[in-house]
Amino acid sequence: FLPHKLPPQFAHLGPQIYLSNREYGILCEVTGRSFLAPEACNCNAPDTGNMEVLLKHGTPQQQAKYLVPLLRGEIRSAFLMTEPDVASSDATNMETKLTKVMVPSSRGSGGGGKTKYKYILSGRKWWSTGAMHPKCRVALVLARMDYSQLPENMETASAHGAHTVVIVPMNKATPVRPLTVFGDDDAPTGHAEVLLDNIELHDVEEALILGEGRGFEIAQSRLGPGRIHHCMRAVGMAARCYELMLERSLVRETFGQYIWEHGGCQELIADSFSDLEAARLLTLNCAAAMDEHGVRKARGQIASIKVSVPQLTHRIVDRAIQIFGGAGVSDDFPMARILTGLRSLRIADGPDAVHRRTVARLEIRKTEKRLEARSKL
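First, a word on scope: everything that follows refers to the structure included in this document.

### Comments concerning the overall build of the protein
- Counting its secondary structure elements, the protein contains 10 helices and 9 strands.
- Here the protein has a C-alpha radius of gyration of 23 Å; the compact-globule value for 377 residues is 21 Å, and the two agree.
- For the C-alpha atoms alone, the extent of the protein along its principal axes is close to 90 × 65 × 45 Å.
- Across the 377 residues of the protein, 44% fall into the buried class.
- Contacts in the protein between residues far apart in sequence, at least 24 positions, make up 74% of those at least 6 positions apart.
- Carbon and sulfur atoms make up 52% of the accessible area of the protein, which amounts to about 19,100 Å² in all.
- Taken together, the 46 basic and 42 acidic charged side chains of the protein have centroids lying 6 Å from each other.

### Considering the layout of surface pockets
- Computed from the structure, the second largest pocket encloses a volume of approximately 310 Å³.
- As for the second largest pocket, its lining consists of Arg296, Lys297, Ala298, Arg299, Gly300, Gln301, Val359, Leu362, Glu363, Arg365, Lys366 and Lys369.
- Where the lining of the second largest pocket is concerned, the elements lending two or more residues are α8 (299-324) and α10 (352-375).
- Of all the elements, α10 adds the most residues to the lining of the second largest pocket, at 6 residues.

### Considerations on the side chain of serine 77
- Looking at the element boundaries, serine 77 is found in strand β1 (residues 76-80).
- Not counting residues within four places of it along the chain, the set of residues in contact with serine 77 comprises Pro46, Asp47, Asn50, Leu70, Thr129, Gly130, Cys136 and Val138.

### What about the nonpolar core?
- Of all hydrophobic cores here, the largest spans 40 residues; its most connected members are Ile228, Leu276, Val309, Val317 and Met335.
- Put simply, the parts of the chain that give this core at least two residues each are α1 (21-32), α6 (215-251), α7 (263-293), α8 and α9 (335-345).
- Residue contributions to this core peak at 11 residues, all from α6.
- Among all residues touching valine 317, those that are not within four sequence positions of it are Ala238, Cys241, Met335, Ile338, Leu339 and Leu342.
- The next biggest cluster of nonpolar side chains, apart from the first, holds 24 residues, and it includes Val166, Val168, Ala173 and Leu196.

### Points about α1
- With 12 residues, α1 ought to run about 16 Å at 1.5 Å a step, and its terminal C-alpha atoms sit 16 Å apart, in line with that.
- Taken as a whole, α1 has its buried residues at Asn21, Tyr24, Gly25, Cys28, Glu29, Thr31 and Gly32. Projected onto a plane normal to the axis of α1, the buried residues spread over an arc of 165 degrees and lie on a single side.
- At its buried positions, α1 is contacted by α2 (37-40), α3 (47-57), α6 and α7.

### Considerations on unusual backbone geometry
- Residues alanine 45 and proline 46 are joined by a peptide bond in cis, for which omega reads 0 degrees.
- For phenylalanine 182, which is not glycine, the phi dihedral falls at a positive 55 degrees.
- Relative to the assigned elements, phenylalanine 182 resides in the loop between β6 (174-178) and β7 (192-201).
- Of note, the phi angle at phenylalanine 255 is positive, near 55 degrees, even though the residue is not glycine.
- By secondary structure assignment, the location of phenylalanine 255 is in the loop between β8 (253-254) and β9 (257-258).
- The exposed category is assigned to phenylalanine 255, whose relative accessible area is 81%.

### Notes on a positive patch on the surface
- A cluster of basic residues, Arg296, Arg299, Arg357, Arg361, Arg365 and Lys369, forms a positive patch on the protein surface.
- Ranked by residue count, the leading element in the positive patch is α10, at 4 residues.
- Along the chain, the position of lysine 369 falls in helix α10.

### Topic: α6
- When the terminal C-alpha atoms of α6 are compared, their 54 Å separation across 37 residues agrees well with the 54 Å that a helix rising 1.5 Å per residue should span.
- The largest bend along α6 measures about 30 degrees and falls at proline 225.
- Taking burial as the measure, the 37 residues of α6 include 26 buried ones, the bulk of the element.

### Thoughts on a negative patch on the surface
- On the surface, Asp184, Asp185, Asp331 and Asp332 cluster together into a negatively charged patch.
- Looking at the secondary structure, you find aspartate 185 in the loop between β6 and β7.

### Some details on the packing of α6 against α7
- Packing of α6 against α7 brings their axes to within 10 Å, and their N-to-C directions diverge by 160 degrees. One finds that α6 runs roughly antiparallel with respect to α7. α7 is crossed by α6, and the crossing has left-handed handedness.
- Of the residues that constitute the contact of α6 with α7, the class distribution is 20 nonpolar, 4 polar and 1 charged.

### Remarks on the packing of aromatic side chains
- Counted by the stated rule, this structure contains 2 aromatic pairs.
- Their ring planes at 50 degrees and their centres at 5.7 Å tell us that tryptophan 126 and tryptophan 127 sit as a pair that is tilted.
- Taking the ring centre of tyrosine 117 as reference, the NZ or CZ of lysine 100 above it sits at 4.5 Å.
- Cation over ring: arginine 337 sits above phenylalanine 35, and NZ or CZ is 3.9 Å from the ring centre.

What counts and what doesn't
Residues numbered from 1 in each chain as written. Predicted model: local features only at pLDDT ≥ 70, side-chain atom pairs only at ≥ 80, totals over all residues. Heavy atoms only, no water. Helix = DSSP H or I, 4+ residues; strand = E, 2+ residues; numbered from the N terminus. Rg over C-alpha atoms; globule rule 2.2 N^0.38 Å. Buried < 20%, exposed > 50% of the residue type's maximum accessible area, 1.4 Å probe, protein only. Contact = heavy atoms within 4.5 Å. Areas by Shrake-Rupley, 256 points an atom, 1.4 Å probe, with all protein chains shown as cover. Lys, Arg positive; Asp, Glu negative; His and termini not counted. Charge placed at Lys NZ, Arg CZ, Asp CG, Glu CD. 1 Å grid on protein atoms, 1.4 Å probe; cavity = no way out; pocket = protein on both sides within 12 Å on 5 of 7 lines; lining within 4 Å. Points joined across faces, edges and corners; volume = space filled by probe spheres on them. Core = buried A, V, L, I, M, F, W, Y, C linked by side-chain atoms within 4.5 Å. Expected span 1.5 Å × (residues − 1). Arc of directions from axis to C-beta. Patch = residues over 30% accessible without salt bridge, like charges linked within 9 Å, V, L, I, M, F, W, Y side chains within 5 Å. Salt bridge = Lys/Arg side-chain N within 4 Å of Asp/Glu carboxyl O. Bend = angle between axes of the 7 residues up to and from the residue. Axes fitted to C-alpha atoms, helices over the stretch in contact; angles between N-to-C directions. Parallel < 35°, antiparallel > 145°, perpendicular 65-115°, else oblique. Left-handed = near helix turned anticlockwise from the far one by under 90°. Nonpolar A, V, L, I, M, F, W, Y, C, P; charged D, E, K, R; others polar. Phe/Tyr/Trp six-rings, centres within 6.5 Å; stacked < 30°, edge-to-face > 60°. Lys NZ or Arg CZ within 6 Å of the ring centre and 35° of its normal.

Okay, structure coming up:
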């Protein structure tokens, strides 16, 4: 799935042909049809995003220690961002702290009295995908820099510049509880609440990705491709439910007719076909824009699919449930589980309102520039 080539020392772990975001998106639709396929192919969240972060921004030491075993499927990882006590859709609200502390070296240590530093990570996260997996060995944590233990004359960061991504071995974090989504705990791979209880990180170079204050930049670069993956998997889920709906309508009868022969069912089928095509083409068009222009220039389209695709696919699955009746809300068929996942997707990686705000602001800026250019003619 990697859209970026591996470093030469790890080239033997890479594919013979690298896929673009659009090409990989097509495969995500296929794997999205199965609950097992993404993990079986080692292409599931949050590992794909974490591998991309380590590939794009990690040091050779970080890549050797964490990227290689992730690529081999030997370990799993988690991404800890959302917090229970604040509205985490606004990243400036984050309360998890990464405190920088001076540690003077003893003269006998050979350090010549040079000042060293360590970090202390403290906070509480939840909706930490993959944290409960028995093979989860490492977490990438978004935290705010805290310089309160340093001399007053040292520089501090701005609101967004304070964010830092830190690598934390999972054996240093404390899982508090598994979380349920509409009553389903999604064991053993589901979400968790995690306590970061004054975790000391002494290896400064290994602990941080890109350094202090680069967390917001990393998080945004990570989320762009991830939204293509999520949306195309959602399309795959919806396509599976759409096919089940069609098959059901061909074999079940009510009031002397097959279900598909009723006008109401025909409307559900037609609307679902249109929604499925719209969701698929919106996402693939966004992926093509990312490939051609980069994530930053495709921000509007990325935000747009994050709003539109979960809603389009949710409607398809809801219609399939209606055709199936009581069976549709049972565990005998996949629709109920898929529906809860798609509803959750409207909150994961930022709620709809945040992405609508992004789209509107970008559209207004483009219009202002167009009007300004027109006024100069």
